[in-house]
Amino acid sequence: MNAIVVGDFFGFALAIPVSLFLAFWMSSVKNTSAVIGGALIGGFLSFVGVFVWLVTFPLPGANGASIFFGSLLLSSAAALTLAVLIDVLVARSSSRDYRRQQVEHESGV
């Protein structure tokens, strides 16, 4: 049980910096802190989900390495998914900031 907890934690710990960087880099909204917060919450929820799942339903062949790689993949995917969803919601709620400005050209005639 101890190797499973350690594998889950270190998978989460390595997924978070990568996910936060990618969420910041991919974000197209001005409020990037909301997107970063969404990525952090998504990664943490997947960490808790994997932990609860493995404590409730222990897998017979699970070891620390398999849980590490599974947690790394699931935490980074969940973090990026929630970051993209937050990005879409923030962009939709403040859509006037992201519309193209109509430029009026002066005629030189």
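Structure's up top.
Criteria and cut-off values
Residues numbered from 1 in each chain as written. Predicted model: local features only at pLDDT ≥ 70, side-chain atom pairs only at ≥ 80, totals over all residues. Heavy atoms only, no water. Helix = DSSP H or I, 4+ residues; strand = E, 2+ residues; numbered from the N terminus. Buried < 20%, exposed > 50% of the residue type's maximum accessible area, 1.4 Å probe, protein only. Contact = heavy atoms within 4.5 Å. Phe/Tyr/Trp six-rings, centres within 6.5 Å; stacked < 30°, edge-to-face > 60°. Axes fitted to C-alpha atoms, helices over the stretch in contact; angles between N-to-C directions. Parallel < 35°, antiparallel > 145°, perpendicular 65-115°, else oblique. Left-handed = near helix turned anticlockwise from the far one by under 90°. Nonpolar A, V, L, I, M, F, W, Y, C, P; charged D, E, K, R; others polar. Patch = residues over 30% accessible without salt bridge, like charges linked within 9 Å, V, L, I, M, F, W, Y side chains within 5 Å. Areas by Shrake-Rupley, 256 points an atom, 1.4 Å probe, with all protein chains shown as cover. Salt bridge = Lys/Arg side-chain N within 4 Å of Asp/Glu carboxyl O.

Q: Before we go on, may I ask you to explain the environment of I86 in this structure?
A: Take I86: it is sitting in helix α3 (residues 64-93). Taking relative accessible area as the criterion, I86 reaches 23% and is therefore assigned partly exposed. With 47 residues separating them in the primary sequence, I86 and A39 have C-alpha atoms 8.6 Å apart. Not counting residues up to four positions away in its chain, the partners in contact with I86 are A34, V35 and G38.

Q: Help me understand the packing of aromatic side chains, please; the structure alone is not making it clear to me.
A: Aromatic ring pairs: the centre-centre distance and the angle between the two ring planes describe each pair. With the rule as written, the count across this model stands at 6 aromatic pairs. Seen in terms of ring centroids, F9 and F10 are 5.5 Å apart; in terms of plane orientation they differ by 70 degrees. Their pairing is edge-to-face. Accessibility expressed as a relative area gives 41% for F9, which makes it partly exposed. Its relative accessible area of 45% is what places F10 among the partly exposed residues.

Q: What's the story with the packing of helix α1 (residues 2-26) against helix α2 (residues 32-56) in this structure? I'm lost.
A: Two quantities define a packed helix pair, namely the angle between the axes and the distance from one axis to the other. Look at α1 against α2: their axes get within 9 Å of each other, and the N-to-C directions meet at 160 degrees. The angle between α1 and α2 falls in the class roughly antiparallel. Judged by the twist between their axes, the crossing of α1 over α2 is right-handed. Residues I4, V5, D8, F9, F12, I16, S19, L20, A23 and F24 of α1 touch α2, and the partners they reach there are T32, V35, I36, A39, L40, G43, F44, F47, V50, F51 and L54. Here the residues of the contact of α1 with α2 sort into 17 nonpolar, 3 polar and 1 charged.

Q: Looking at this structure, how should I read the packing of α1 against α3?
A: For the pair α1 and α3, the least separation of the axes is 7 Å and the interaxial angle reads 30 degrees. Classified by the angle between their axes, α1 and α3 sit roughly parallel to one another. In this structure, the crossing between α1 and α3 has a hand that is right-handed. The residue makeup of the contact of α1 with α3, split by class, is 16 nonpolar, 7 polar and 2 charged.

Q: In this structure, what is going on with a nonpolar patch on the surface? I would like to understand it.
A: A cluster of nonpolar side chains, contributed by V5, F44, V48, F51, V52 and V55, occupies part of the molecular surface with about 440 Å² of accessible area. Here the nonpolar patch takes 5 residues from α2, the largest share from any one element. Note that F51 resides in helix α2. On the basis of relative accessibility, which here comes to 34%, the residue F51 falls in the partly exposed class.

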